[in-house]
Amino acid sequence: MLVTERRDLLLARLHRDGRVIAKDVAGELGLSEDSVRRDLREMAAAGLCQRVYGGAVPASPAVADYATRQGVAVDSKARVAAAAVQLIAPGSTVVLDGGTTALAVASALPHDLDATVVTHSPTVAAALVDHPSVEVYVLGGRLFKHSAVTCGAAAVEAAAGVNADLFLLGVTGVHPDSGLTTGDADEAAMKRALARRAADTYVLASSEKIGAASPFTVLPLADVAGIVTDAPPTHDVVARLVQLGVPVVQAAPGAR
């Protein structure tokens, strides 16, 4: 089998099964495990997959720059945002993460909602200017331009003074094996710091993030109260998450 044929097969397996186990593919094709691992390394370098222990899983499309992500899965993010808004009780304090799905949540908040929103995202804060009954607190720090959020030591220290009812967490990947991931180590640390300040954490997971993974772990699945997604219950990854005991908040599906 030619190298290109082998990689096409690996990509097809990733799309079909949501993961590739190097040992299994090597045995099936009569190749050395090192050969398969080398293919996966080169595919990962090209952004075609995310390597994990023993093999690979699909790479998340949500690691693109902020401007590009604003045009990715717009309808899916709107459906997730509409479901996430239902988790916000009047009078509560909510930590709202940065990113394009969190921005969709800010846009979906009822205009008359009485709540306090804490965010490290200047774009999310700006979207709440016209909500008269929403008190907004912005956490300062170094601006991570890729996601338009603050992070670093100053932002983590500012987060330490927050006590919230709910954290709506944005990630770039949700995978049964890899957990909740994102593309930057400092951003992952900031998300963990925010999660520690809330009674419950729910993950904003539009459908393109389900079954994908990025290099840096944010939290294990067991540490969140639930995942909000518009991926259908019949989706293989959603079914696996449910089997693992992860609560799934189902957003209204779109046209399929």
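Scroll up to find the structure this text is about.
Attention in this report is confined to the structure presented alongside it.

Focus on the side chain of Glu208
Looking at the element boundaries, Glu208 is found in the loop between strand S12 (198-205) and strand S13 (216-219). A polar side-chain atom of Glu208 sits 2.9 Å from a polar atom in the side chain of Ser206.

What to know about the sheet that holds strand S14 (residues 226-229)
Across the sheet, which stays open at both edges, the seven strands sit in the order S6-S5-S4-S9-S12-S14-S15 with parallel pairing between neighbours. Each edge of the sheet is formed by a strand with only one pairing partner; in this case those strands are strand S6 (134-138) and strand S15 (248-250). Direction aside, the axes of adjacent strands within the sheet are offset by 25 degrees on average. For strand S5 (residues 115-119) and S6, the ladder comprises five bridges, and the chain directions are parallel. Of the residues in S6, the one forming a bridge with Val117 is Val136.

A closer look at the pattern of salt bridges
Tallied over the entire structure, the rule returns 11 salt bridges. When the shortest N-O distance is used, the salt bridge between Asp186 and Arg142 registers 3.3 Å. Remark: Arg142 occurs in strand S7 (residues 142-144) and Asp186 occurs in helix H9 (residues 185-195); sequence separation between them is 44 residues. Using a relative accessible area of 41% as the deciding quantity, one classes Asp186 as partly exposed. A relative accessible area of 45% means that Arg142 is categorised as partly exposed. Through salt bridges that share partners, Arg6, Arg7, Asp39 and Glu42 make up one connected network.

Points about the sheet that holds strand S2 (residues 50-52)
Read across the open sheet, the three strands follow the order S1-S3-S2; overall the sheet is antiparallel. Each end of this open sheet is capped by a strand with a single partner; those strands are strand S1 (20-21) and S2. Pairing of S2 with strand S3 (residues 55-57), which is carried by three bridges, proceeds in the antiparallel orientation. Bridge pairing in S3 places Val52 opposite Gly55.

Some points on the nonpolar core
Counting residues in hydrophobic clusters, the biggest one holds 33 residues, and the most contacted among them are Leu169, Val174, Leu180, Val203 and Ile227. Mapped by element, the contributors of at least two residues to this core are strand S8 (149-151), helix H8 (153-159), strand S9 (164-170), H9, S12, S13 and helix H10 (236-243). Broken down by element, the residue count for this core peaks at four residues, all from H9. Apart from the residues lying within four places of it in its own chain, the contact partners of Ile227 are Val174, Val203, Ala205, Leu221, Leu241, Val246, Pro247, Val248 and Val249. Ala84, Val134, Leu204 and Val228 belong to the second-largest nonpolar core, a separate cluster that totals 24 residues.

Things to note about the packing of helix H2 (residues 22-29) against helix H3 (residues 33-45)
With their axes 8 Å apart at the nearest point, H2 and H3 run at an angle of 120 degrees to one another. The pairing of H2 with H3 is recorded here as oblique in orientation. The handedness of the crossing between H2 and H3 is right-handed. Touching Ala22, Lys23, Val25 and Ala26 of H2 are Glu33, Val36, Arg37 and Leu40, all from H3. Among the residues forming the contact of H2 with H3, the class breakdown is five nonpolar, no polar and three charged.

Concerning the pairing of S5
Most of S5 sits inside the fold, with four of its five residues counted as buried. Direction of pairing for strand S4 (residues 93-96) relative to S5: parallel, over a ladder of four bridges. In the strand pairing of S5, Val95 is matched with Val118. As a crossover connection, the stretch from S4 through helix H6 (residues 100-108) into S5 is right-handed. As for the winding sense of the linkage, the β-α-β connection from S5 through helix H7 (residues 122-127) to S6 is right-handed.

Some points on the environment of Ser35
Turning to its location among the elements, Ser35 is positioned in helix H3. When the C-alpha positions of Ser35 and Ala22 are compared, they lie 9.0 Å apart, and in sequence the two are 13 residues distant.

Looking at helix H5 (residues 74-85)
Counted at 1.5 Å a residue, the expected span for H5 with its 12 residues is 16 Å, and the 16 Å between its end C-alpha atoms agrees. Listing the buried residues of H5 in full gives Ser76, Lys77, Val80, Ala81, Ala83, Ala84 and Val85.

What counts as what
- Residues numbered from 1 in each chain as written.
- Predicted model: local features only at pLDDT ≥ 70, side-chain atom pairs only at ≥ 80, totals over all residues.
- Heavy atoms only, no water.
- Helix = DSSP H or I, 4+ residues; strand = E, 2+ residues; numbered from the N terminus.
- Polar contact = N/O pair within 3.5 Å; in protein donor to acceptor, adjacent residues only side chain to side chain.
- Pairing = 2+ DSSP bridges.
- Axes fitted to C-alpha atoms, helices over the stretch in contact; angles between N-to-C directions.
- Salt bridge = Lys/Arg side-chain N within 4 Å of Asp/Glu carboxyl O.
- Buried < 20%, exposed > 50% of the residue type's maximum accessible area, 1.4 Å probe, protein only.
- Core = buried A, V, L, I, M, F, W, Y, C linked by side-chain atoms within 4.5 Å.
- Contact = heavy atoms within 4.5 Å.
- Parallel < 35°, antiparallel > 145°, perpendicular 65-115°, else oblique.
- Left-handed = near helix turned anticlockwise from the far one by under 90°.
- Nonpolar A, V, L, I, M, F, W, Y, C, P; charged D, E, K, R; others polar.
- Right-handed = clockwise from strand over helix to strand, strands pointing away.
- Expected span 1.5 Å × (residues − 1).

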